[in-house]
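# Structural overview
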Amino acid sequence: MKKVIHNISSILMAFVVLFSTMSFTINMHYCGTTLVNVALYKEAKSCAMEMGQQAPFSSQEMNKKSCCTDKQLHFEGQDELKTSFDKLTFDQQIYIASFFYTYVNLFKSLEENSIPFKEYPPPLLVKDIHLLNETFLI
């Protein structure tokens, strides 16, 4: 049971490290106030309204703003994971070393379960003393 819990916790910690270091970008395309398209790691596709306004009809329409907007959310991951062991104080280094030593020794098991009376046979019963004395365990 301990091994299963240990494996599950190590997998969860690996995912935590993976997701904390991963950076990604989300692109969103809005037409007015309506969300039209969302894309992860690439540009969002534009809607048909933006395509129709590309052809210039007159100078007044060129000055007109488009109703479509693009938003980009960028999530930056952590770059440095390894903290230097040299930057810790001497007391902190002693605490970490002693904690690690006691934690490792906590889960060491005996290599062989020794039973000291394994080689000796049980005593022979001459009479059943409980029945003779009529004493029974309740």
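A few points on the structure. (Residues numbered from 1 in each chain as written. Predicted model: local features only at pLDDT ≥ 70, side-chain atom pairs only at ≥ 80, totals over all residues. Heavy atoms only, no water.)

### Observations concerning the overall build of the protein
- The helix and strand tally for the protein stands at five helices and three strands.
- Across the protein, helices and strands are ordered from the amino to the carboxyl terminus as α-β-β-α-α-β-α-α.
- Sequence separation of at least 24 residues holds for 45% of the intrachain contacts in the protein that already meet a minimum separation of 6. (Helix = DSSP H or I, 4+ residues; strand = E, 2+ residues; numbered from the N terminus. Contact = heavy atoms within 4.5 Å.)

### Considerations on the sheet that holds strand S2 (residues 34-40)
- Read from one edge to the other, the open sheet built from three strands follows the order S2-S1-S3, with strand pairing classed as antiparallel. The outermost strands of the open sheet, each flanked by one partner alone, are S2 and strand S3 (68-75). Shown here is a sheet whose adjacent strand axes are inclined to one another by a mean of 20 degrees, direction ignored.
- Sheet topology note: the strand S1 (residues 24-31)/S3 ladder contains eight bridges and is antiparallel. Bridge pairing links Tyr30 to Thr69 in S3. (Pairing = 2+ DSSP bridges. Axes fitted to C-alpha atoms, helices over the stretch in contact; angles between N-to-C directions.)

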